[in-house]
Amino acid sequence: MRPVLGASALLFAVGFNVPYTVLAVTFDYPDILRQPAGDVLDQFAAGGAPRVLTWYAFMWAALLFVPLAAALAINRERMIAAPGLAIGAAIAGGLSGALQAIGLARWVFVIPAQAAAHAAGDPSAATVFDTLNAYGGVAIGEHLGQLLLALFAGLLASLQWAERQPALATAGILSAAAIALGTGEGLVLSLGGTGEIFSVFTITGFLAFSAWMFATGLNLLRAR
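Residues numbered from 1 in each chain as written. Predicted model: local features only at pLDDT ≥ 70, side-chain atom pairs only at ≥ 80, totals over all residues. Heavy atoms only, no water.

**Student:** Mind showing me how you'd approach empty space enclosed by the protein here?
**Tutor:** Evaluation of the coordinates by the stated rule reveals 2 cavities of 30 Å³ or more. By volume, the largest cavity amounts to about 70 Å³. In this structure, the largest cavity is lined by Phe12, Phe16, Ala61, Ala62, Phe65, Gly97, Gln100, Leu149, Phe206 and Phe209. If you list the elements that add at least two residues to the lining of the largest cavity, you get helix 4 (48-73), helix 6 (83-109) and helix 11 (196-222). Residue contributions to the lining of the largest cavity peak at 3 residues, all from helix 4. Taken together, the residues that form the lining of the largest cavity break down as 8 nonpolar, 2 polar and no charged. (1 Å grid on protein atoms, 1.4 Å probe; cavity = no way out; pocket = protein on both sides within 12 Å on 5 of 7 lines; lining within 4 Å. Points joined across faces, edges and corners; volume = space filled by probe spheres on them. Helix = DSSP H or I, 4+ residues; strand = E, 2+ residues; numbered from the N terminus. Nonpolar A, V, L, I, M, F, W, Y, C, P; charged D, E, K, R; others polar.)

**Student:** What is the right way to read the packing of aromatic side chains from this model?
**Tutor:** We describe a pair of aromatic rings using the distance from one ring centre to the other and the angle between the two ring planes. Considering all chains together, one arrives at 18 aromatic pairs under this definition. Geometrically, the ring pair formed by Trp107 and Phe129 is edge-to-face, given 5.9 Å between the ring centres and 70 degrees between the ring planes. Highlighted residues: Trp107 in helix 6 and Phe129 in helix 8 (residues 125-162), separated in sequence by 22 residues. According to the relative accessible area criterion, Phe129 is buried, its value standing at 2%. (Phe/Tyr/Trp six-rings, centres within 6.5 Å; stacked < 30°, edge-to-face > 60°. Buried < 20%, exposed > 50% of the residue type's maximum accessible area, 1.4 Å probe, protein only.)

**Student:** It is not clear to me how the environment of Asp39 should be interpreted in this structure. Could you clarify?
**Tutor:** Here Asp39 lies in helix 3 (residues 37-46). Along the chain, Asp39 and Val25 lie 14 residues apart, while their C-alpha atoms are 17 Å from each other.

**Student:** Help me understand the layout of surface pockets, please; the structure alone is not making it clear to me.
**Tutor:** Within this model, the largest pocket holds a volume of roughly 930 Å³. Lining of the largest pocket is provided by 39 residues; of these, Tyr29, Pro30, Leu33, Glu142 and Glu185 occupy positions nearest its centre. Mapped by element, the contributors of at least two residues to the lining of the largest pocket are helix 2 (17-27), helix 4, helix 6, helix 8, helix 10 (184-190) and helix 11. It is helix 8 that provides the largest number of residues to the lining of the largest pocket, a total of 11 residues. Class assignment for the residues of the lining of the largest pocket results in 17 nonpolar, 16 polar and 6 charged.

**Student:** What am I meant to see in the environment of Gly84 here?
**Tutor:** Looking at where Gly84 falls in the secondary structure, it is placed in helix 6. Residue Gly84 is classed as exposed on the basis of its relative accessible area of 55%. In this structure, the C-alpha to C-alpha distance between Gly84 and Asp28, residues 56 residues apart in sequence, is 41 Å.

**Student:** Whenever I open this one, a nonpolar patch on the surface confuses me. Can you help?
**Tutor:** The grouping of Leu53, Tyr56, Trp60, Leu63, Leu64 and Phe109 at the surface amounts to a nonpolar patch, some 610 Å² of accessible area in total. Element by element, the count of residues in the nonpolar patch is highest for helix 4, at 5 residues. (Patch = residues over 30% accessible without salt bridge, like charges linked within 9 Å, V, L, I, M, F, W, Y side chains within 5 Å. Areas by Shrake-Rupley, 256 points an atom, 1.4 Å probe, with all protein chains shown as cover. Salt bridge = Lys/Arg side-chain N within 4 Å of Asp/Glu carboxyl O.)

**Student:** Just checking my understanding: could you explain the nonpolar core for this structure?
**Tutor:** Burial of nonpolar side chains together is a common tendency in soluble globular proteins. Counting 58 residues, the largest nonpolar core has Trp55, Phe152, Phe209 and Met213 as its most contacted members. Every residue in contact with Phe152, bar those within four places of it in the chain, is listed here: Phe65, Ala69, Leu72, Ala89, Ala92, Gly93, Phe209 and Trp212. (Core = buried A, V, L, I, M, F, W, Y, C linked by side-chain atoms within 4.5 Å. Contact = heavy atoms within 4.5 Å.)

**Student:** Any chance you could explain the pattern of salt bridges here in plain terms?
**Tutor:** Tallied over the full model, the rule gives 3 salt bridges. One salt bridge connects Arg34 with Asp31, and the closest N-O pair in it is separated by 3.1 Å. Judged by relative accessible area, which is 37%, Arg34 ranks as partly exposed. A salt bridge links Glu163 to Arg78, with the shortest nitrogen-to-oxygen separation between them at 2.7 Å. Placement of the pair is Glu163 in the loop between helix 8 and helix 9 (166-182) and Arg78 in helix 5 (residues 76-81), with a sequence separation of 85 residues. By relative accessible area, which is 33% here, Glu163 ends up partly exposed. Salt bridges sharing partners connect three or more residues here, namely Asp31, Arg34 and Glu185.

**Student:** For this particular structure, what's the right way to read helix 2?
**Tutor:** An α-helical segment advances 3.6 residues per turn. Residues three or four places apart therefore align on the same side. Of all the residues in helix 2, the buried ones are Asn17, Pro19, Leu23 and Phe27. Projection of helix 2 onto a plane perpendicular to its axis shows the buried side chains occupying an angular sector of 165 degrees, all on one side. Check the buried side of helix 2 and you find it contacts helix 1 (2-15), helix 3, helix 4, helix 6 and helix 11. Downstream of helix 2 by a residue or two, Asp28 has a phi angle that is positive, lying close to 55 degrees. (Arc of directions from axis to C-beta.)

Such coordinate-based values are descriptive only and should not be taken to indicate function.
Encoded structure:
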């Protein structure tokens, strides 16, 4: 079981970053979200079906984290030694994956119609996009989803610390702290600020989270 779980963590650590990297290269994501809505919709439409499918893959990466988080958090030893931490980590990780998937799903099932409407000259399309982005993207996916991801990382890292894996645990705690700080961007934006510094924490946090997940997978593969 542990080799399968370790391999799954390794695959997730790499696979989650594939659609993100594709979008960063071809769609200037996430910086493009700071552009006017009409420009974003035009760029989105220019990508055609491949761009929609990339977002679909990104959404599924978040969904697949739901069972992975539970499997990483819960085992027999932890349910005996620290059931609260184990169950809390599983719940936080599952909710995080679900909420981030909901936020990403807008690019697959809603934004294509708004991009087509904008191309047809509908003046309301940009307003609808801004609303969807603020609620589905910033509030649900980025703020709540990422706060819960930080909580998952912190709880699982606490379990690793109790299991005498200080280096692994420290990496998890640092990634959790960076991701949690990054969620401040949406709040600052709603208060009228720019919030750009927080995006640096988000990117750094997710890179650190990926590295930590990869290291966690390796640790599981090496364990007896």
